[in-house]
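Topology and contacts: notes
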Amino acid sequence: MSEATDASSATTPDAKKTARTSPAPTGHTWGATIVEAVRNLLARPLASYHLILTIAFLLTAFGLVMVLSASSVEGYSKDGSSYGLFATQVIFALLGLVGFYIMLRIPVRLLRRVAAPLIVVTTILLALVLVPGIGTLSQGARRWFVVGGLSVQPSELVKVALCVWGAHLLASRRRENASLKELLIPLIPVAMLICLLIILEPNLSTTITIAIIVGALLWFAGLPAKVFLSFAAVGIALAVLLALVEGYRSQRVMSFLGSIDDPQGAGYQARQATYALANGGVFGVGLGQSRAKWNYLPNAHNDFIFAIIGEELGLIGGLLVVILFAILAFIGFRIAVRSVDPFLRLMTATITVLITAQAFINIGYVIGLLPVTGIQLPLLSAGGTSTLTVLAMLGLLANAARHEPEAVAALVGGDEGRLGRWLRLPAPVPYRPSRADALRDRLDRRRPDRAQAERTRPGRARPAPQATPSRWARLRGRRSGQAEQPARGRAPSRARAPRTSAVRVDYRTGYSGTADRGDGSASSWSPRAAPARSGATRSASTRSGAARGGGGPATGDRRTTSAQQWRPTDRPTWSRR
């Protein structure tokens, strides 16, 4: 016993020395652990849906806090109350949450049915707001209706309508080789009408956002790059022209370019925003302690609220806002790529581009990288109709996230969670293409085969060019193709026999239309091989008919009863049960 104790005591110092010199077995580094945690989170079927809900709640709550902080001084100086603008923002945020819930519950088919009436109604509202006595004139612009003491801006409502209607229109014409006319008409004429009505208000910033929506729709629909760049160049030229025509807009552009050095005139807002950001530093001066909001920075609660965030919460608060919008962009594009429905793909990608572009344009001109345009920071700037429409768009994103194939399988199986049961959301309907869409897909799949046959046909002097898949088809890869097959109810390994006048179907033995490759799979059928195999087919059909007691092949009678239904079998022929 004592010898064992002495031996253990003798080896203990060496063991302690080895433990001190050898590194601790941590397993993974912090970076690898975080990456693994993110992968596990995104691997859940409802990850996109829950992330959209979380980001919408965080941006809305954070926006209400910052609006209260930035508008308290101006509200007290104008109306005698520090909570006037904040109360209005809360009302629109509650209305936005109602719109979020409605957009979350609405079926996709119903959404596509109301797309055209929605764009018509919002366009009529844009025209009515220009009528004196109906629209309200404020600060030289006629942009608002006053309904129950609340100002409603129809140019914000038309953004949602254009996203939904444009996606519905282009999804209905989703052939990969759609002509340029099919992509541009009637989308471009309607968008030009909307832009004309908005310019008459006038409102250049909303006109820019309408152009962003149309550009995103055409880009993801597969508009050729040359044509897209041509339209972008024309749009930029028109924007510059409109900016230079109006006096205050041209002064802003000239001040940004350095041609005008007027710190008390055109460059006053941008300079004060820079002072506010510099005053905040890294950690900020504290929530509610901003100096710029004391009537130094105009529109501190609206267009330049990011400057107040940077002053009160510092660089950390500004980076937090940027990270939230970056995560929103990632989740939005993730939903678009994982969606099977072409309408949901176009709509979610366009909404994601719109919200992200608005956010980074606002941040860009606040920090001095862009000229001042007046585009608001989504969900953070004080703007009732803007908050309402952005929350409705996020509700559409959440609805699309629930229609991902993995999410549909989980929700149909009853794995909706406590939140889904509390919200009483209906189960999503799996995407099934209509007959027209299915026929269009079948024609698109046959078109490359026909082009290949034309190129290999003897006597052709020059091969025909092969159709290039669209940009969106290259982006989504093989995911949509894998997801559409179960929706049609077809087995992935079985091929349908070709239907042509050169084929004679023997209903006794069946017709395979395939060549045996040794693995039981089907290869393409060639009409030239039919005469060589006709004799073998007739002899095989005769033997099969004799074995069943029949008189021969029943090739003339093609009538079948319910008991004589045809079904595909494991072998490369079509037989009768």
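So, here's what we can say about the structure. Within every chain, residues take consecutive numbers counted from 1 along the sequence as written. Side-chain atom pairs in this predicted model are given and counted only at pLDDT of 80 or more, local residue features only at pLDDT of at least 70, and totals for whole chains, interfaces and linings cover all residues. With hydrogens and water stripped out, all remaining heavy atoms of the structure feed into the side-chain values.

Comments concerning the overall build of the chain
Summing up its helical and strand segments, the chain has 22 helices and five strands in all. Here the chain, with 577 residues, has 40% of them falling under the buried criterion. Should any heavy atoms of two residues lie within 4.5 Å, those residues are counted as being in contact. Of the contacts made within the chain by residues no fewer than 6 positions apart, 71% connect residues no fewer than 24 positions apart. Areas reported as accessible are Shrake-Rupley estimates using a 1.4 Å probe. Residue values count occlusion only from the protein chains shown. Surface exposure of the chain reaches about 31,900 Å², of which carbon and sulfur atoms provide 61%. Each helix is a run of DSSP H or I of at least 4 residues and each strand a run of E of at least 2, with the numbering of both proceeding from the N terminus. For each residue, the accessible area found with a 1.4 Å probe, counting protein chains only, is set against the maximum for its type, and the residue is called buried under 20%, exposed over 50%, and partly exposed in between.

As for the pattern of salt bridges
Pairing between side chains of opposite charge can happen when their charged atoms approach one another. Salt bridge, as used here, is a side-chain nitrogen of Lys or Arg placed within 4 Å of a carboxyl oxygen of Asp or Glu. Scanning the entire structure with this criterion turns up five salt bridges. Among the salt bridges present, the one from E156 reaches K159, with a minimum N-O distance of 3.1 Å. Within this pair, E156 and its partner K159 are both found in helix α7 (residues 154–172), separated by three residues, close to a single helical turn. Here E404 and R338 are joined by a salt bridge, their closest N and O atoms 3.0 Å apart. Within this pair, whereas E404 is found in the loop between α16 (384–402) and α17 (405–412), its partner R338 is found in helix α14 (residues 305–338), the two being separated by 66 residues in sequence. Several salt bridges share partner residues, and in doing so they unite R338, E404 and E406 into one network.

A closer look at a nonpolar patch on the surface
The patch calculation keeps residues exceeding 30% relative accessible area without a salt bridge and links them within 9 Å when they carry like charges or within 5 Å when they are nonpolar (Val, Leu, Ile, Met, Phe, Trp, Tyr). A surface patch of nonpolar side chains, about 670 Å² in accessible area, is lined by V282, F283, L315, I316, L319, I323 and I327. Within the element layout of this structure, V282 appears in the loop between α13 (268–280) and α14. Using a relative accessible area of 44% as the deciding quantity, one classes V282 as partly exposed.

Topic: unusual backbone geometry
If a residue is not glycine, its phi is most likely negative; likewise, a peptide bond is most likely trans. Each neighbour pair has its own omega, and for I185 with P186 the value is 5°, a cis peptide bond. Tracing the chain through its elements places P186 in the loop between α8 (180–184) and α9 (187–199). In this structure, the amide linkage connecting E201 to the following residue, P202, adopts the cis form with an omega of 0°. The phi torsion at N295 lies on the positive side, around 60°, for a residue other than glycine. Relative to the assigned elements, N295 resides in the loop between α13 and α14.

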